[in-house]
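Chain residues, written in single-letter form:
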Amino acid sequence: MSLTTIRIGVDIGGTFTDIALQHPGGITSCKLLTDHADPGQVILAGIERSASEANVALADIVQVIHGTTLVTNALIERRGAKIAFVTTEGFRDVIEMRAENRFEQYDLNLELPSPLVPRQDRCTVNERLGPDGAVLLPLDPTEADALARRIVDAGYEAVAIGFLHSHTNSSHEHLMAKALLSLAPDLPVSLSSTISPQMRELTRFNTVVVNTYVQPMVSEYVRQLVRRLRSAGIHAPVFMMHSGGGLISVETAVEQPVRLLESGPAGGAIYAARFAESHGVDQAMSFDMGGTTAKICLIEGGTPKTAGTFEIARTYRFKKGSGIAVSTPVVEMVEIGAGGGSIASIDALGRIQVGPKSAGSQPGPACYGRGGEEPTVTDANLMLGRIDPGNFAAGAIRLLPDRSGLALESRLSGLSAADAAFAVTEMVDENMANAARVHAVENGRDIEDYTMIAFGGGAPLHACRACEKLGITSAIIPPGAGVGSAIGFLQAPISFEATRGLFQRLADFDADATNRALAEMGNDARAFVALGAPSEPTTTKLVAFMRYSGQGWEIPVELELRRFQGKDATWLLEAFETAYQQLFGRTIEGLAVEITNWSLTVSTRRMIPDGIERQSELHPLQPGETRDFFDAALRTTVSARSLSRSEILPGVQVDGPAVIFEDDTSTIVTSAFAAVGQSDGSLLVTRKDTQR
Amino acid sequence: MTDASIDHQIMWNRLIAVVEEQGTTMVRTAFSTSVREAGDLSAGLFDLRARMMAQAVTGTPGHVNAMAESVAHFVREIGPENIREGDVYLTNDPWKGTGHLHDITVVSPTFRHGLHIGFFACTAHVVDIGGRGFGPDANEVFEEGVLIPIMKFADRGTVSADLIRILRANVREPVQLIGDLYSLAACNEAVDRRLQDMMGEFGIDDLEALSDYIYETSRNATHAAIRQLPDGRYSNTMQVDGYDAPATMIVELVIDGDQLTADFAGTSGMSRFGVNVPEVYTRAYSCFGLKSAIAPHVPNNAGSLEPFRISAPEGCILAARRPAPVSVRHILGHFLPDLVFGALHKAIPGSVPAEGASALWNIQISSRSCDPDSGLPNSEVLMFHSGGTGARSQSDGLSATAFPSGVSTMSVEATENVSPIIVWRKDLRQGSGGAGTCRGGLGQTVEIEPRSGYEFYFNAMFDRVDHAARGLKGGSAGEQGFVELTDGTKMQGKGRQLVKNGKRLRLRLPGGGGYGDPAKRSREKVRADVIGDYITAAQAREDYGFEE
């Protein structure tokens, strides 16, 4: 896809709908409030506004790329369809019993999230497969027909089917589906062996249930959106961003809507990845801080790290275990309750706590003067001189520092407003740094080796301090970060990740079975990609999930695609040991090795951005306006250079301490850092003591 | 609040992140099923005086509280003068560690600029420790496996080759056991760097002032919470199955100002079998129960544990004397929160739940070929299943959920891939939750059959078969558990038993007790329980007076 074609990226978030229009003149963007009742109308308004600003005719748009949090929100708010779930007799309660544990150890009044399908809508049939797919108990077609009749008569909107071990043999699931479809040919039916053919019943069943639960809504939404675009004269194909960081056709999206979860954050990670790539940064950490949460993602070799499972709709302080675990490809992120709106309080031990509760945009931080009385991170930043009260959101909201001071002093008793503000920002930076560090450790990485890419309204304010805490020596603050996800959509490849459970010991490695499975997966994935990009060249990525026998969790081992032969077991073992060594620092002699799942991703070649020449000839900025802000590392107020981002042309260097203002946020350059403007409009912030 | 205090708060937060990282590293590298799947481990940082400063929140609260006491034994026995950089110590002494031989505690001293500043410690449940294997059937601890006294695993960086050889020769899975020892040592070492970074960032060279702050703050907050309770003496008695004879557990809580003591005088004497509990483990689980009801928000450390003074008379089943067998001490241990809740209910009604299934229904399955000449390999697998928790004053109990243990269950598909068994059923057990204004959580039913060519032995470690979880404030008891074959043959709740090929083992796990008068349960909730088959129509009629 050439850079001169006209394409549009649309990201619907909980608060804002972001539009990014790519055209020969560059990127034109806009930000509108999301209309939950009629999201499509806002999309159209945004497209029309951007197009007219860029002087582009709607009919000339060749591609529309869309991502939305509406699917995730529907899950959180339990607004999906009334569905039935058909499963193996004896396993009716898998999705209700979950992992049988409590995600908060000390809370005697803990509530578990309610299952998406109530118990009375979960039906069982007598059938059973073994782990190798052998039929232990055949499914009686008469019983399947009788159950199908009951389900159809009960008037469910859609049906999910998930049988034990069906990822190794889907025939029973297909038999059940056939029974349903012969009675009701238009009934949406999802099979776990299609949606998530991987071992582990809880995640596979959750995945097919989530898929079914949101499917009627998604298909209606997509249908309406396409119709609306057509009637406005936009006849371009529409693609959806999927959680794995690529694009799928709307047809695939309607079949497998579970892949649409977390599409917005995935767009943000792609956006950060392109900057990492153009700046020649091999290991980057994207840091996206908004009003309610901060999200952290590791990017290596220009690709955000992905995972095969994740948890959606967490109900308890973003705590691990409090959501619904699904197995579908996803850009792997940690999300913590730390944003500009996060509320600070004093706990029973007299300690400052920040988040996860957020003041959101209504009433918002105390300084908005809209009735918020609790102190937030934004209030603390304002008190510390890091935000310009007269220039927030391009002057759209006049901030009231008095309200911030009052809120901080009255709610965080015993501290002056200044001390309280310091404590709040320090605590939130500490929380984010801890989350990033643990995430890196879980991936066997050292966070010190990474470059931070900071975007979203809050990140540039906190980037330098978080770098100080993490031992990171450089950060990139890209331009246009306010609509980062929508821009990321424009940069994503069309891709499809097929997964398959195929349990084998390496000692009994069955090359033929593996080749058969991989061939099927490849055909599936290529067919999905071809729907959107029929003639484009593609690349294929193969990952085996492997472990030592006796371990409970697998590690991803990326492999070169090949036609396997029996003797490749040795080669697989070496690849596994290399990956294990990298993650855990050692290998273990004398233990058998197993493969549990395979993943194969086919994608169009992604656009490799032009490299950015780092500015070598630097022009120190002349002295000018200053303002005071509190430098947390030095524990003192410093006199900082204050300037607008537009003054930092390529090659211009500003030594910290400095505050660089722009419409949506400010970049705080602490005393330890210096910022240099780059030719792509980004700021490169590096530690002074590492600069040559 | 001062600047120093803000720094201390931030460092405290950091330390908690550091020990979480220590625990995460262990979970990711361990072989032991219960560590990996169930989080059966603990990790923490201790100061020079062996006071625990911070601890990872993991799957087994009792286990972690026990480790809090263990470091003091290490300091005493190794001798402060013998502590050197590069040393690593270990033990699995049930009376000085965490209550049974399967838990290995590893302690590593940490230094800064050549001066000793504190210790990292971690504990994990290992796959095998020799002896009879994990189960209650031994009559002395000597039968339960190898006991490693407190000693050096590594002396100034050199690992004791003799120790490794002795261990290798005495356990069934030497590669995994030794692997886990190295994992434990490595996770202590890995996070030491984080501690050093933090100390550099904040410019401190020892941990004493920070430790004092954590200790004082936590102790004061806990004392303040205890002060809220009405003074008095509150007792409770609970009977559970035991091994071959029921065990009666008695507690008396004395609340006096900001002091709280718990005493277990009157509790049954020791058993001949491995259900005995070393006192350290009794303190750990009772303390967990008390703390979760009284001061749940105070992080776990020496200061927050100190205000709870807990003792049991030596020689009772909750303070077993050497060389008593203690392998499955978790069974009675898991009942201790229920026991102290019953007493606390009299002091602060409405704040604690009714009794639950509580003790995990762990099952160790040893599959053997029916024909020794068939060449089919043996197989061992450990599964975790949980019954229902007790109802709360404002909400129903949780069905099939572990409490007080925090373990997770494992995927049936994953289990069947590594073990020649078929799990025919694992679903909620209708009608097993005790009736009440708030209903007890449901237990579950599990049916397991050997695959063709196999039979299996299982080590039963099940309780509440003869003694149901009692309700509170008019709530009814939950259903008791059943261990049987599907053909109706009754099996024992404890000990090793055989399931022949073609037979199917059925476990019906106990439900939790109800809370409050069932007649006061909202009609919508009763109706929903009937529609969802959580209770039967007959129960709705008989227990709740509900007709429709």
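Residues numbered from 1 in each chain as written. Chains lettered and ligands numbered in written order. Predicted model: local features only at pLDDT ≥ 70, side-chain atom pairs only at ≥ 80, totals over all residues.

## Describing the overall build of chain A
Here's step 1: Broken down by element type, chain A carries 16 helices and 36 strands.
Here's step 2: Counting only C-alpha atoms and orienting by the principal axes, one finds that chain A spans roughly 85 × 60 × 55 Å.
Here's step 3: Pairs at least 24 residues apart make up 68% of the contacts formed inside chain A by residues separated by at least 6 positions. (Helix = DSSP H or I, 4+ residues; strand = E, 2+ residues; numbered from the N terminus. Contact = placed C-beta atoms within 7 Å.)

## Some details on the overall build of chain B
Here's step 1: Secondary structure assignment for chain B yields twelve helices and 19 strands.
Here's step 2: Here chain B has a C-alpha radius of gyration of 24 Å; the compact-globule value for 548 residues is 24 Å, and the two agree.
Here's step 3: Taken along the three principal axes of its C-alpha coordinates, chain B extends 75 × 65 × 40 Å.
Here's step 4: Put simply, chain B has 548 residues, and 61% of those count as buried.
Here's step 5: A separation threshold of at least 6 residues defines the contact pool for chain B, and within that pool the share at least 24 residues apart is 75%. (Rg over C-alpha atoms; globule rule 2.2 N^0.38 Å. Buried ≥ 20, exposed ≤ 12 C-beta atoms within 10 Å, placed from the backbone.)

## A short note on the pairing of strand S2 (residues 52-55) of chain B
Residues and elements named next belong to chain B.
Here's step 1: Sheet topology note: the strand S1 (residues 41-47)/S2 ladder contains three bridges and is antiparallel. Residue pairing across strands places Gly44 opposite Gln55, the latter belonging to S2.
Here's step 2: Between S1 and the antiparallel strand that follows it, S2, lie four residues; Ala50 among them carries a positive phi value of about 65 degrees. (Pairing = 2+ DSSP bridges.)

## Quick look at unusual backbone geometry
Here's step 1: A cis amide bond links Gly656 of chain A to the next residue, Pro657 of chain A, at an omega of 5 degrees.
Here's step 2: With an omega dihedral of -5 degrees, the bond running from Arg322 of chain B to Pro323 of chain B counts as a cis peptide bond.
Here's step 3: Tracing the chain through its elements places Pro323 of chain B in the loop between strand S11 (308-311) and helix H9 (330-347).
Here's step 4: Positive phi values are uncommon outside glycine, yet Arg635 of chain A reaches one of about 55 degrees.
Here's step 5: Relative to the helices and strands, Arg635 of chain A resides in the loop between strand S30 (626-631) and strand S31 (636-644).
Here's step 6: Taking the number of C-beta atoms within 10 Å as the measure of exposure, Arg635 of chain A has 12 and is therefore exposed.
Here's step 7: At His113 of chain B, a residue that is not glycine, the phi angle is positive and equals roughly 50 degrees.
Here's step 8: With respect to the helices, strands and loops of the structure, His113 of chain B is situated in the loop between strand S4 (103-112) and strand S5 (115-125).

## Thoughts on the sheet that holds strand S19 (residues 505-508) of chain B
Residues and elements named next belong to chain B.
Here's step 1: As summarised here, the arrangement of the four strands in space is S14-S15-S19-S17, forming an open sheet in which the pairing is antiparallel. If you trace the sheet from one side to the other, it starts and ends with strand S14 (421-428) and strand S17 (482-485), each paired once. Recorded for the sheet is a direction-independent mean angle of 15 degrees between the axes of neighbouring strands.
Here's step 2: Of the pairings in the sheet, the one linking strand S15 (residues 444-450) to S19 comprises four bridges and is antiparallel in character. The residue bridging Thr445 from the neighbouring strand is Arg508, located in S19. (Axes fitted to C-alpha atoms, helices over the stretch in contact; angles between N-to-C directions.)

## Concerning the environment of Glu484 of chain B
All names here are of chain B.
Here's step 1: Inspection of the secondary structure puts Glu484 in strand S17.
Here's step 2: The spacing of Glu484 and Gly62 is 422 residues in sequence and 30 Å in space, taken between C-alpha atoms.
Here's step 3: In this structure Glu484 touches Thr489, Lys490, Met491 and Arg506, once residues within four positions along its chain are discounted.

## Regarding the domain arrangement of chain A
Residue and element names in this part refer to chain A.
Here's step 1: By the assigned domains, chain A splits into domain 1 (7-75 + 219-258), domain 2 (80-217), domain 3 (495-602) and domain 4 (619-690).
Here's step 2: Those elements that place two or more of their residues in the side of domain 1 that touches domain 2 are helix H2 (70-76) and helix H7 (201-231).
Here's step 3: Its residues placed into classes, the side of domain 1 that touches domain 2 shows six nonpolar, two polar and one charged. (Domains from an automatic or database assignment. Nonpolar A, V, L, I, M, F, W, Y, C, P; charged D, E, K, R; others polar.)

## Here we look at the interface of chain B and chain A
Here's step 1: On the side of chain A, 53 residues touch chain B, which itself brings 62 residues to the contact.
Here's step 2: Contributions of two or more residues to the side of chain B that touches chain A are made by helix H1 (3-29), helix H2 (33-36), helix H5 (174-202), helix H6 (208-227), helix H7 (279-294), helix H10 (412-418), S14 and S15 of chain B.
Here's step 3: No other element matches H1 of chain B, which puts 13 residues into the side of chain B that touches chain A.
Here's step 4: Its residues assigned to classes, the side of chain B that touches chain A shows 25 nonpolar, 22 polar and 15 charged.

## What about the domain arrangement of chain B?
Residues and elements named next belong to chain B.
Here's step 1: Under the domain assignment, chain B is made up of domain 1 (3-219) and domain 2 (357-548).
Here's step 2: Put simply, the middle of domain 1 and the middle of domain 2, counted by C-alpha atoms, are 34 Å apart.
Here's step 3: Of all the elements in the fold, those that place two or more residues in the side of domain 1 that touches domain 2 are H2 and helix H3 (61-78).
Here's step 4: Looking at the side of domain 1 that touches domain 2, its residues break down into four nonpolar, seven polar and three charged.

## A closer look at the packing of helix H4 (residues 161-170) of chain B against H5 of chain B
Residues and elements named next belong to chain B.
Here's step 1: One can describe the packing of H4 onto H5 by two numbers: an axis separation of 9 Å at closest approach and a directional angle of 140 degrees. Along this stretch, H4 crosses H5, giving a crossing that reads as right-handed. Judged by residue contacts, Ile164, Leu167 and Arg168 of H4 engage Pro174, Leu177 and Ile178 from H5.
Here's step 2: Residue classes in the contact of H4 with H5 are distributed as five nonpolar, no polar and one charged. (Left-handed = near helix turned anticlockwise from the far one by under 90°.)

## Regarding the sheet that holds strand S11 (residues 238-241) of chain A
Residue and element names in this part refer to chain A.
Here's step 1: Overall, mixed pairing links the six strands, which are arranged S3-S2-S1-S4-S11-S12 in an open sheet. Each edge of the open sheet is held by one strand with a lone partner, namely strand S3 (26-33) and strand S12 (247-249). Geometrically, the sheet is characterised by an average inter-axis angle of 25 degrees between neighbouring strands, direction not taken into account.
Here's step 2: Direction of pairing for strand S4 (residues 63-68) relative to S11: parallel, over a ladder of three bridges. Along S11, the bridge assignment pairs His66 with Met240.
Here's step 3: Strand contacts of helix H14 (residues 484-491): strand S1 (7-12), strand S2 (16-23), S3, S4 and S11, with the helix running at about 135 degrees to S1, the strand carrying the most contacts.

## Side note on H6 of chain B
Here's step 1: Between its first and last C-alpha, H6 of chain B extends 28 Å over 20 residues, near the 28 Å set by a 1.5 Å rise per residue.
Here's step 2: Every buried residue of H6 of chain B is listed here: Leu210, Ser211, Ile214, Tyr215, Thr217, Ser218, Ala221, Thr222 and Ala225 of chain B. (Expected span 1.5 Å × (residues − 1).)

## A word on the nonpolar core
Here's step 1: In terms of nonpolar packing, the biggest core is built from 367 residues, with Val159, Phe287, Val424 and Ala463 of chain A touching the most fellow members.
Here's step 2: Among the elements that take part in this core, helix H12 (residues 417-442) of chain A stands out by supplying 13 residues, more than any other. (Core = buried A, V, L, I, M, F, W, Y, C linked by C-beta atoms within 7 Å.)

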